[in-house]
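# Examining the three-dimensional arrangement
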Amino acid sequence: MNFRLRWICFLLIGILACNTSVEPRHIIASDNNPGIEPPFLLITGTVQDGGSPHIGCDKDCCRQLFHHPDTSRMVTSLSLIDQKNHLFWMFEASPDFSKQCRISAEATGEIKNGLPSAIFLTHAHIGHYTGLMYLGKEAKGADNIPVYAMPRMTEFLKTNGPWSQLVAQNNITLMALNKDSTIQLTKEISVTPFLVPHRDEFSETVGFIISGANKKVLFIPDINKWKVWNRNIMEVVNSVDIALIDGTFYNEDELPARNMSEIPHPFITETMELFESTDSATRSKIHFIHLNHSNPLLIKQSSESNSVKNAGFKVACFGDKIQL
């Protein structure tokens, strides 16, 4: 079976799974070239760190998924695909890293060794870096995969096992990220990290602006309330074409057994209220990502999903493609 047929079959499986639980796959920017495409971002995961189904959860949101998994419910990750040169770069190394690497490699049109040209990390919470373990000697035994990380994140990986073993055995090469400093990947593609407030127990937290020849994409999977950031989220969204932003929780009632002040993500309802006075073009830029297993937006037919769509916002879905 050739690459294109395999890839189409995999996406069809994801689409069928999405039909019962998540937004169906859609192309955010149209395909103009039926052959080799210009560089694009591929969303290879949209779920919060703990995944879906979630450990210890026996509620309706997870119970059946333990027996009938939804293959599209992978932990949040993006891949930047360059079909012309058969390369890809990954944003986050999630617990679903192995599958996300394969999907990304197939999307380039050539498998090669199935590994990214580089990995960009946002922070040291389990859904965002633990996939690095698959690069070690127990799994792939990779050779010097560049891993871009901020200073505290770099120090964390260098001085804590098992991650330090990846460095010592040259499975990964740590590359410096500096806030607001742009890294040029190709002539047309660049990545700029910026600091965001979050629970920074082990590292600082960053978001990214990923820029191509035609579009800029904002990626903030994790952040505390918008009001505590030293930037204005409305101005930042206005400066980009697509905004993939923290949609972890729909509202404050989602986890009645938890003190929500201890996990102060911006609720989706808060973000919608903040942007409700903006025009439809601005609202349509926003795609909520990093959805907790309890988030009703994971259910396509939920009233909450309809509310978000009716208000002009979008929900990121596995397989979404954003041409840059």
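Every value quoted in this text rests on a predicted model; they were computed, and no experiment measured them.

The next point concerns the overall build of the chain. If you tally the helices and strands in the chain, you get nine helices and 14 strands. Out of the 324 residues in the chain, the part that is buried amounts to 56%. A separation threshold of at least 6 residues defines the contact pool for the chain, and within that pool the share at least 24 residues apart is 71%. For the chain, the accessible area works out to roughly 14,000 Å², and carbon and sulfur atoms hold 52% of it.

Moving on, we get to the packing of aromatic side chains. What the rule picks out here adds up to 10 aromatic pairs. Both rings, one in F91 and one in F208, keep their centres 5.5 Å apart while their planes meet at 65°; by these two values the pair is edge-to-face. With F91 in strand 3 (residues 87–91) and F208 in strand 9 (residues 206–211), this pair connects stretches of sequence that are 117 residues apart. Between F120 and Y148, the ring centres sit 4.5 Å apart and the planes meet at 5°, which makes this aromatic pair stacked. Taken together, the residues F120 in strand 4 (residues 118–120) and Y148 in strand 5 (residues 145–149) connect sequence positions 28 residues apart. Overall, the relative accessible area of 0% leaves F120 in the buried class. Residue Y148 is classed as buried on the basis of its relative accessible area of 13%. A connected cluster of aromatic rings, assembled from ring pairs, spans F91, F120, Y148 and F208.

Moving on to the sheet that holds strand 6 (residues 172–176). The seven strands lie next to each other as 6-5-4-3-2-1-14, forming an open sheet whose pairing is mixed. Edge strands, defined here as strands with exactly one partner in the open sheet, are strand 6 and strand 14 (321–323). Direction aside, neighbouring strands of the sheet carry axes that sit 25° apart on average. Both strand 1 (residues 40–45) and strand 2 (residues 77–82) contribute to a ladder of five bridges, which runs antiparallel. When the sheet's bridge partners are listed, L42 is paired in strand 2 with S79. Packed on one face of the sheet, helix 2 (residues 97–108) meets strand 1, strand 2, strand 3 and strand 4 and runs near 145° to strand 3.

For the rest of this paragraph, the subject is the confidence of the model for the chain. When pLDDT is averaged along the chain, the result is 90, and 89% of the positions lie at 70 or above. Per-residue pLDDT stays below 50 along residues 3–32; that stretch engages in 73 contacts with residues further than four places along the chain or on separate chains.

A few words on the pattern of salt bridges. It is possible for side chains bearing opposite charge to pair when their charged atoms get close. Summed over the entire model, instances satisfying the criterion amount to nine salt bridges. Between R63 and D58 there is a salt bridge, and its shortest N-O distance comes to 3.4 Å. Classification of D58 by relative accessible area gives exposed; the value is 56%. Linking E270 and K225 is a salt bridge whose minimum nitrogen-to-oxygen distance equals 3.0 Å. Placement of the pair is E270 in helix 7 (residues 268–275) and K225 in the loop between strand 10 (216–220) and helix 6 (233–238), with a sequence separation of 45 residues.

The next point concerns the nonpolar core. In this structure, I119, L121, Y129, L132, L135, M153 and L157 are the most contacted members of the largest nonpolar core, which totals 31 residues. Taken together, the elements giving at least two residues each to this core come down to strand 1, strand 3, helix 2, strand 5, helix 4 (151–159), helix 5 (163–168) and strand 6. Setting aside chain neighbours within four positions, we find L121 in contact with E92, A93, H128, Y129, L132, V147, Y148, M153, L157, L177, V206 and F208. Core analysis: the next-biggest nonpolar cluster, separate from the first, contains 27 residues, F194, I223, V308 and F313 among them.

Attention now moves to the environment of M260. Along the chain, the position of M260 falls in the loop between strand 11 (242–246) and helix 7. Taking the C-alpha atoms as reference points, M260 and F249, 11 residues apart in sequence, are found 9.8 Å from one another. Here M260 is in contact with F249, N251, E252, L255 and F267, once residues within four sequence places are set aside.

Here we come to the side chain of H128. Tracing the chain through its elements places H128 in helix 3 (residues 126–129). Within the local environment of H128, its side chain forms a polar contact with the side chain of D222, the two groups lying 2.8 Å apart. The contacts of H128, once residues within four sequence positions are left out, are D49, E92, A93, L121, T122, H123, P221, D222 and H290.

Let's shift gears to the environment of T44. Structurally, the position occupied by T44 is in strand 1. If sequence neighbours within four positions are ignored, T44 has contacts with M74, V75, S77, L78, S79, Q100, I103, S104 and F318.

This part covers helix 4. When helix 4 is considered as a whole, its buried residues turn out to be M153, T154, F156 and L157. Along helix 4, the residues classed as buried sweep out an arc of 160° about the axis, all on the same side. Its buried side turned inward, helix 4 meets helix 3, strand 5, helix 5 and strand 6.

Let us now look at the sheet that holds strand 9. Read across the open sheet, the seven strands follow the order 7-8-9-10-11-12-13; overall the sheet is mixed. The sheet is open, and its two edges are formed by strand 7 (183–184) and strand 13 (314–315), each paired on a single side. The pairing of strand 8 (residues 190–195) with strand 9 spans six bridges and is classified as antiparallel. Residue pairing across strands places S190 opposite S211, the latter belonging to strand 9.

What counts, and where the lines are drawn
Residues numbered from 1 in each chain as written. Predicted model: local features only at pLDDT ≥ 70, side-chain atom pairs only at ≥ 80, totals over all residues. Heavy atoms only, no water. Helix = DSSP H or I, 4+ residues; strand = E, 2+ residues; numbered from the N terminus. Buried < 20%, exposed > 50% of the residue type's maximum accessible area, 1.4 Å probe, protein only. Contact = heavy atoms within 4.5 Å. Areas by Shrake-Rupley, 256 points an atom, 1.4 Å probe, with all protein chains shown as cover. Phe/Tyr/Trp six-rings, centres within 6.5 Å; stacked < 30°, edge-to-face > 60°. Pairing = 2+ DSSP bridges. Axes fitted to C-alpha atoms, helices over the stretch in contact; angles between N-to-C directions. pLDDT = per-residue confidence, 0-100. Salt bridge = Lys/Arg side-chain N within 4 Å of Asp/Glu carboxyl O. Core = buried A, V, L, I, M, F, W, Y, C linked by side-chain atoms within 4.5 Å. Polar contact = N/O pair within 3.5 Å; in protein donor to acceptor, adjacent residues only side chain to side chain. Arc of directions from axis to C-beta.

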